[in-house]
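Summary of structural features
In case you want the letters, here they are:
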Amino acid sequence: MTGKTFLQYEISGELGRGGMGVVYLARDTRLDRPVALKFLPSHVKPSEHDLARFTQEAKAAAALNHPNVCTIYDIKEHDNLQFIVMEFVDGTTLRKKITGGPLPLSDVLTYGLQIADALQEAHGRGIVHRDIKADNIMVNVKNQVKVMDFGLAKLKGTLKLTRSSSTVGTLAYMAPEQIQGGEVDARSDIFSFGVVLFEMLTARTPFRGEHEAAMMYSILNEEPEPLQKFLPDAPPELLHVMNRALEKNPEDRYQGINEMAIDLRRVKKESSKVSRRSIPSMPAATSGMGIVPESPGQSDHETSRKTTTVTLNIPTVGKGTVLKWVVPAVVVAAGVIGYFTLFTGGEAESGGRIPVAVADFQNQTKEDDLNGLSGMLITSLEQSRRLSVMTRSRMFDVLKQLGKTEVGRIDESLGREICRQANVGALVVASVSKFDQLYIIDMKVLDPEKNEYLLTLKEEGEGKSSIPGMIDKLSEKTRLGLKEKAADIDASNQAVAEMTTPSMEAYQALFRGEEFINKLKFDSAAAEFRHAVAIDSTFAVAHYRLAYALEWSQSPGAEEAIGKAVRYVDRVPKKENYLIRAENALVNNDAELGLSIYKELQALYPEDKEANYLVGDYSFHKRDYRTAEAALRKVLSIDPTFSRAYQHLTWTYMFEKRFGEMRNVARLYAEKVPSQSAYLHLAESFLQEGMFDSALAVCRDAMNVIADDGEIRSFEGTVYLSRHQFDRAASLYRDMAESPAREPERVRYGLTGLVTEAIWAGKFREALRRQDRLIEFETEQKNSTLLATSLASRAYLTVALPGDTSEARTFLARALELKGYGDQFFHSALQAYYVASGDFDRSGEIATTTLIVTQPSGAQLNDALREYQNGNYGSAIRLFRAQTFLFHEELFKLAKSFAATDQPDSALATLSRLKNFYGGTFGFEFNRAFTDVKSEYLTGLIYEKTGDRKQAAEHYGSFLEIWKDADGDIPELVDGKKRLAALETR
């Protein structure tokens, strides 16, 4: 072949050969670049099977675009020879590197993490390599790994090429299930990857045998050679990685390559150091202050990080197999670092500032409106540029980490515990007493570690109205005593009454409202904030918190409340100024401005839970997943029990298709906060990768732990639908809908599930009748919000199924009458109706002004849907592909666009993504029910168009089998029957 020219490729020499082909170095004369050409070996007569497998390699690898995967440029045919044009990798195979002996651990981890990244990309697209070995991994001259040879890869959903296709590959690297001819999935690649890691570390494979039968016996029955035999000083975490990767039972192995990559990074990562700065030496006592003892100057103390393992046993998954979830729980001595510090790192201190905590005042007056003075002092001290003052919510977060969840008041004893845990060197304790109309505040600042007083202070005043001024004086003296410059104090001093309210009753209402916010009791919080603003209508912070509580409880009035807060925004504390301005921007549909303000707030208060959560929340909704991930991890390092952060972090990983990491976070969520939400997110993480039995096991466990919950039962039905077990799903939903107790939520989930089941099974007329039953039920319940969503959904379904458009408009009109009660799901259903009706102006208005939930419903996606509807498929493809995430309906339309523009390979690859996208529990989702079965029909059409009658017939047959009980007049069903009959008669 050397010296020959194929098309524009001039071959200059052979690079290597293997069982599935010979690779040559060539020059692309058109683009003037070196390439590698892979041909079938000359001694092999290309059968139809060989060509199919050869083409499959190209399709599998071409679907990948990753720096650690060898790039496939094209597949060509010339002189009856097929060849793949691919990237030329200037380097050597891992096999040759290992020939010289074991590799250094640093190199093993560097190469291993790159291989893991490549597999993550492949597995995320439904591609299993099936032949991971040292010969198929190259390292180029830049020390960059390239995973090669997807000749044995199996795309999910692709017809097996031979009866024995699951047992091909290099024996020493095969997973047990491969050898036994069982089902091969991503976990099989993980086993092979484990063998490669072992080989890099030891220059030998973990299982040995002089002949094929002996090797097979070793892999199936023997334990691998102990790594410690070759590496006596191997880190324990590395031993854990190897043992878990080489488990013989796939259920006991890593369930996703992301999990393994995380553990490998942990091996590589140096131990983090957490420093603590003690309080600087205090000056001698000054006028108005008590005696201040000497204390040493600043010093750093190292604290070690201790790692424990928590094992959560979940019910049996499969016969005799217990699914064990091992959750690393990180405890940092004398520091609030938490589990997620493993990922983020970080210091306990805050930019060199002195950390200070304020315990609740001891109220000796018996006047309830003085119970919130600690909050007022915190507000005053927060003006300091020298101090880093813990918020009360942060203090309660620390108490949660200490297992104290039912605390209502933080006394000195609890304050000391918080300081020890959170690495805080100054604790403020105070009491307020009263003699006639004379109010007295005694206050001390102490070092809880040394049990020494740093400051003792006292203020007196006539009448309750003097208390805010007394708080201001105590704050100023504390800042001076802790060595803040007088000029800085003068520059930032603002009277606490001016920043909040002069009314102690109004302030106490705010304080109580904040307590309810911490407990997520938004309705109770709103009542307290309303009381506060009724007393003082200029109390801007209370107006803001009222807007916040109303927004979270989805109650009307948030816009009016934030408008009043803005009117007095110049009088609020610095932090609340940012919060009010950001909330106002969001209420006025300027999400970019709102998010930028939150980021400024986060930069000023890097340890503040609320600031970090708000950045994470809104970054997630703006599809900036990297920013969201970092901020949400930070939140969970501050409060490992914060449900909303767990929810948004699992969604972030889901939308990035990082399912292993999604599962890790969901497991920790279920461990830390065993709730309905936690178990649903965990079950979803299994469903996303088609692990149906594991998802059902989580549902069963949840119902044992937190009772028989309606939403979890509904999710169980979703799993059955994903398996096309329609009768089983319908039976479950019917039991819920006809529950003797007639619990409204349970009935609601049952009726909604029955609608979804009917759509999925192709019983469209029945779906509309069932939706009418749901509307009747919501009418009986007199729930205007849910009735609005049900009516809007009926309008959408009537158009989409399709039905009578005039009837759809009737339901739409009824829905719009309740628009004022509509929530995010109402607007999602309304937008779906407008898209189905072709009214993209209205759907675009909703997408850009109303929806901030998990659906990727921005203006660009709306434009893509418009272009698709108008038949501009090229433009639609460009706009669809610009999205960071597509749901089922959008993926289906992207596939149809590829098919319409004669791009069958891209269409099939997109349909493969769709078929392996199992999730769909977030937001308004009939999409999957519509597209799952129809994708089989579309796949048949594409194969028939390309001349592959066998594949076309198989997919038509699958389509008709799933819809065997569907309405007989559905156009796709009628056409599918005709096409299959025609194929079978040829």
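Look up a bit, the structure's there.
Residues numbered from 1 in each chain as written. Predicted model: local features only at pLDDT ≥ 70, side-chain atom pairs only at ≥ 80, totals over all residues. Heavy atoms only, no water.

Observations concerning the packing of aromatic side chains
Short version of the rule: Two aromatic rings, drawn from Phe, Tyr or Trp (for Trp, its six-membered ring), form a pair once their centres lie within 6.5 Å of each other, and the interplanar angle then sorts them: stacked below 30 degrees, edge-to-face above 60, tilted otherwise. Only protein chains enter the accessibility calculation, which uses a 1.4 Å probe; a residue whose area is less than 20% of its type maximum is buried, one above 50% is exposed, and one in between is partly exposed. Whether a charge sits over a ring depends on NZ of Lys or CZ of Arg being within 6 Å of the ring centre and within 35 degrees of the ring normal.
Counting across every chain of the model gives 23 aromatic pairs. Judged by centre distance (5.5 Å) and plane angle (65°), the rings of Tyr833 and Tyr834 are edge-to-face. For the residue pair Tyr833 and Tyr834, the accessibility class agrees, reading buried in each case. Each member of the aromatic cluster is reached from another via a ring pair, and the members are Phe764, Tyr796, Phe930, Tyr937, Tyr956, Phe959 and Trp963. Above the plane of the ring of Tyr548 lies Arg545, whose end atom (NZ or CZ) is 4.7 Å from the centre. Sitting above the plane of the Phe642 ring, Lys609 keeps its charged end 4.5 Å from the centroid.

Overview of the nonpolar core
Where a protein is soluble and globular, its nonpolar side chains tend to be buried together. Which entries qualify depends on this criterion: What we call a nonpolar core is a set of buried Ala, Val, Leu, Ile, Met, Phe, Trp, Tyr and Cys residues that are connected through their side-chain atoms within 4.5 Å. Labels follow the DSSP assignment, with helices taken as runs of H or I lasting at least four residues and strands as runs of E lasting at least two, numbered in each case from the N terminus.
In this structure, Phe715, Ile759, Leu797, Leu801, Tyr833, Phe880 and Trp963 are the most contacted members of the largest nonpolar core, which totals 128 residues. The element best represented in this core is helix 32 (residues 784-800), accounting for eight residues. Core analysis: the next-biggest nonpolar cluster, separate from the first, contains 74 residues, Val428, Ala430, Val541 and Leu586 among them.

A look at the sheet that holds strand 9 (residues 137-140)
Selection rule: Note: two strands are recorded as paired if DSSP finds a minimum of 2 bridges between them. Lines are fitted to the C-alpha atoms to define the axes, a helix being fitted only along its stretch in contact, and any angle between axes, read from their N-to-C directions, falls within 0 to 180 degrees. For this analysis, residues touch if any pair of their heavy atoms sits within 4.5 Å.
Taken together, the three strands give an open sheet; going across it, the order is 7-9-10, and neighbouring strands pair in antiparallel fashion. Looking at the sheet topology across the chains shown, the edges are occupied by strand 7 (91-93) and strand 10 (145-147). The average angle at which neighbouring strand axes cross in this sheet is 30°, direction not considered. The pairing of strand 7 with strand 9 spans three bridges and is antiparallel. Residue pairing across strands places Gly91 opposite Asn140, the latter belonging to strand 9. Contacts from helix 3 (residues 105-124) reach strand 9 and strand 10 within the one sheet, and its direction differs from that of strand 10 by about 35°.

Points about the side chain of Thr93
Note that Thr93 resides in strand 7. Residue Thr93 is classed as buried on the basis of its relative accessible area of 18%. Discounting chain neighbours no more than four positions away, the residues touching Thr93 are Ala134, Asp135, Ile137 and Met138.

Quick look at the packing of helix 38 (residues 888-900) against helix 39 (residues 904-915)
The line we're drawing: Just so you know how the angles are binned, under 35 degrees is roughly parallel, over 145 roughly antiparallel, 65 to 115 roughly perpendicular, and the rest oblique. By definition, turning the near helix anticlockwise from the far helix through less than a right angle yields a left-handed crossing, and turning it clockwise yields a right-handed one. Asp, Glu, Lys and Arg are counted as charged, while Ala, Val, Leu, Ile, Met, Phe, Trp, Tyr, Cys and Pro are counted as nonpolar; the rest, among them Gly, fall into the polar class.
Two elements in contact, helix 38 and helix 39, have axes separated by 8 Å at closest approach and are oriented at 165°. Relative to helix 39, the element helix 38 lies roughly antiparallel. Relative to helix 39, helix 38 is oriented so that their crossing is left-handed. Counted together, His888, Leu891, Phe892, Leu894, Ala895, Phe898 and Ala899 of helix 38 and Ser906, Ala907, Thr910, Leu911, Arg913 and Leu914 of helix 39 form the full contact between these two elements. Looking at side-chain class alone, the contact of helix 38 with helix 39 contains nine nonpolar, three polar and one charged residues.

Read these as spatial facts, not as claims about activity.
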